[in-house]
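What follows is each chain in one-letter form.
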Amino acid sequence: MNGYAGKILKVDLTRRKVSAIPTSKYAKWVGGHGMGSAIFFDLVKDKTIDGFDPANVVTMMTSPFSGTLVPGASARTEVQGIGVQSYPIGWFTRSNFGGRFAPMLKFAGWDGLAIVGKASAPVWLDIRDNKVEIR
């Protein structure tokens, strides 16, 4: 009823492990851009790293409106991290996209996604409710 699923998925690609971050820790930042930015600033110790550095964190966050009938807000996903296309140095940036990703992530029980580390080979995430696999 309050718009939150209660947990944020943290995926460590280096260790190939998944864990949950309680949404309540970031609820004061409301959702989307605010929560993703707060998670980034908590998890990234050195904010001067390059966007391709394994210490970079990419967040993909829903909002409390995701999966509801609120026009223009129910299907947006906010993405944050140190950008990889800036010159001469990368800086913290954000973007967003629409579609089914945010509602489907929320329906699976997650308020967002924080990706840390670097995989040794290309991988993808299989998220089916509480069962999350790095494949």
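Analysis parameters
Residues numbered from 1 in each chain as written. Predicted model: local features only at pLDDT ≥ 70, side-chain atom pairs only at ≥ 80, totals over all residues. Heavy atoms only, no water. Helix = DSSP H or I, 4+ residues; strand = E, 2+ residues; numbered from the N terminus. Expected span 1.5 Å × (residues − 1). Contact = heavy atoms within 4.5 Å. Polar contact = N/O pair within 3.5 Å; in protein donor to acceptor, adjacent residues only side chain to side chain.

S.K.: Summarise unusual backbone geometry; cite the residues concerned and give the values.
M.R.: Of note, V30 is a non-glycine position whose phi angle comes to about 75°, a positive value. Structurally, V30 can be placed in the loop between β2 (17-22) and α1 (32-43). Residue D129 is not a glycine yet carries a positive backbone phi of 55°. Summarising the element assignment, D129 is placed in the loop between β7 (125-128) and β8 (131-134).

S.K.: Account for α1, with residues named and values stated.
M.R.: Taking 1.5 Å per residue, 12 residues should reach 16 Å; α1 reaches 17 Å between its end C-alpha atoms and fits that length. Looking at the packing, one finds that the buried side of α1 touches β1 (7-12), β3 (57-61), β4 (76-82), β5 (92-98) and β6 (112-116).

S.K.: Hey, could you go over the environment of E133 for me, with residue numbers and the actual values?
M.R.: Within the secondary structure, E133 is located in strand β8. Once you skip the residues sitting within four places of it in the chain, E133 turns out to touch W124, L125 and D126. Among the polar contacts listed, one links the side chain of E133 to the side chain of K131, at a separation of 3.4 Å. In this structure the side chain of E133 is engaged in a polar contact, spanning 3.1 Å, whose partner is the side chain of R135.

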